[in-house]
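Examining the three-dimensional arrangement
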Amino acid sequence: MLWTLLLLLAVDIAVVATAAVLLTPWLSPVRDTVAASLPFGGASARIAWWVAVLAPALVAFVWAQLRYTSAQTMAEVDARIVGPAEYPDLHERVQRLAQLADLTPPRIAVADADVPNSFAIGTLGGATVVVSEGLLSTLDGDELDAVLAHELMHVANRDATVMTLASFLPSLTNGEYDPLADLLPGGSRHALGLVALGLAYVFSVRVLDAPFGSLAFTLGFLFLFAVTVLFGGVALGVFTAPVVVLGRSLSRAREFAADRSAAQLTGDPAALVRALETLDGDDDRPGTDKRSAYAGVRGLCFLPHGFDTAASTDSLSIETRSHPPTAERIEQLQSVERSLETGP
């Protein structure tokens, strides 16, 4: 888990550094101003500049990924935070299980979906366990406790935070996420783009050897801008590939770990086995849903079919999480049950 987190942060550093390099022609006025204000120059000034840019940019990038991904994931499944007055039984179960696990109870959200499923998302400020209306109507008693315990173990083990972080770049590359469109809907996005393009055109005077506003200057700017966008898109795809591999390799092991920890927490591995058999055997669930709009959500779910009831193969999805087969999960849980019965 720690190595995966460090590697994800290394990819984020690479993304931020690449963006800084690509934007260097337009950041040069700021760089020169900062360098002139420093009491030293040369290599030390350049190092100070990169540290001043990369450190806060990395923190902001990680924070934005977690915050945006969690909010977007909640919106995609039409989930809302619920209180104990509205879902008293659900809150009582989560509170009791969290106390057993010595864990601060996470926020609870309910998704308006008939498909029975659940997932946990994590941010720097806490975690949220999301369950569907379908799950609450399909499971109860010990089986519902087992699924909730599974999600709580993802929270306790920091799986939820790491997987939330790992789902951002693949979803962004896949076109599933569009932060600018979500934050700036309508014409404001285009207005901001025009302003940014205008500023970039003005700042290009520091790097283009042609009279400002001339045809040669404009063509040089368009070429520089096109190269920046093209290289940035290629780099984003290259950086996304290891994130997908990391997410998938982590997910399989952490899914088994969450099952095992949940079984030990409740002391009833058979309840989780029954829950898996019930949910995975639901004939109403979609078996071939490949809509990109649900790829990120499916990657975080208790079972990989997500929350959507419609199946479509019109677009290719990139999933960050590779769920182990349910049969293997049940076999592992049966092994845990035998060890609990026989003792250490």
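These figures come from a predicted structure and were not determined experimentally.

1. Side note on the overall build of the protein
Looking only at helices and strands, one finds 14 helices and 4 strands in the protein. Residues classed as buried in the protein amount to 43% of the 344 residues present. Sequence-distant contacts in the protein: of pairs separated by 6 or more residues, those separated by 24 or more amount to 70%. Just so you have it, the protein exposes about 16,800 Å², and 62% of that area is on carbon and sulfur atoms.

2. Quick notes on the UniProt feature "transmembrane region" (unreviewed entry) in the protein
Within the UniProt annotation, "transmembrane region" (unreviewed entry) is assigned to residues 43-64, 191-208 and 220-246. In residues 191-208, the share of helix is 72% and the share of strand is 0%. The end C-alpha atoms are 25 Å apart. Across residues 220-246, helical content stands at 100% and strand content at 0%; the span's end C-alpha atoms are separated by 39 Å.

3. Considerations on a nonpolar patch on the surface
A surface patch of nonpolar side chains, about 510 Å² in accessible area, is lined by Val195, Leu199, Val202, Phe203, Val205 and Phe212. Residue position: Val205 is located in the loop between helix H10 (187-203) and helix H11 (215-266). What makes Val205 partly exposed here is its relative accessible area of 42%.

4. Considering the environment of Ala271
Along the chain, Ala271 turns up in helix H12 (residues 269-280). For the pair Ala271 and Val147, spaced 124 residues apart in the sequence, the C-alpha separation amounts to 8.8 Å. If we skip the residues at most four places from it in the chain, Ala271 touches Asp142, Glu143 and Ala146.

5. Digging into the pattern of salt bridges
Under the criterion given, the structure shown has 9 salt bridges. Across the pair Arg96 and Asp145 runs a salt bridge whose closest N-O atoms are separated by 3.1 Å. In this pair, Arg96 is assigned in helix H4 (residues 88-100) and Asp145 in helix H6 (residues 141-156), connecting sequence segments 49 residues apart. With a closest N to O distance of 2.8 Å, Arg329 and Asp259 form a salt bridge. In this pair, Arg329 is assigned in helix H14 (residues 326-342) and Asp259 in helix H11, connecting sequence segments 70 residues apart. Salt bridges sharing common partners tie together Asp89, Glu92, Arg93, Arg96 and Asp145.

6. Considering the pairing of strand E3 (residues 118-123)
Within E3, 5 of the 6 residues are buried, leaving the element largely enclosed by the surrounding structure. Bridging between E3 and strand E4 (residues 126-132) involves 6 bridges; their strand directions are antiparallel. Considered in E4, the bridge of Phe119 is made with Val130. The loop that links E3 with its antiparallel partner E4 comprises 2 residues.

7. Topic: the pairing of strand E2 (residues 107-111)
Burial within E2 is extensive, with 4 of its 5 residues counted as buried. With 3 bridges joining them, strand E1 (residues 79-81) and E2 adopt antiparallel strand pairing. Paired with Ile81 across the strands is Ala109, a residue of E2.

What counts, and where the lines are drawn
- Residues numbered from 1 in each chain as written.
- Predicted model: local features only at pLDDT ≥ 70, side-chain atom pairs only at ≥ 80, totals over all residues.
- Heavy atoms only, no water.
- Helix = DSSP H or I, 4+ residues; strand = E, 2+ residues; numbered from the N terminus.
- Buried < 20%, exposed > 50% of the residue type's maximum accessible area, 1.4 Å probe, protein only.
- Contact = heavy atoms within 4.5 Å.
- Areas by Shrake-Rupley, 256 points an atom, 1.4 Å probe, with all protein chains shown as cover.
- UniProt positions renumbered as here; feature names shortened; annotations may be inferred.
- Patch = residues over 30% accessible without salt bridge, like charges linked within 9 Å, V, L, I, M, F, W, Y side chains within 5 Å.
- Salt bridge = Lys/Arg side-chain N within 4 Å of Asp/Glu carboxyl O.
- Pairing = 2+ DSSP bridges.

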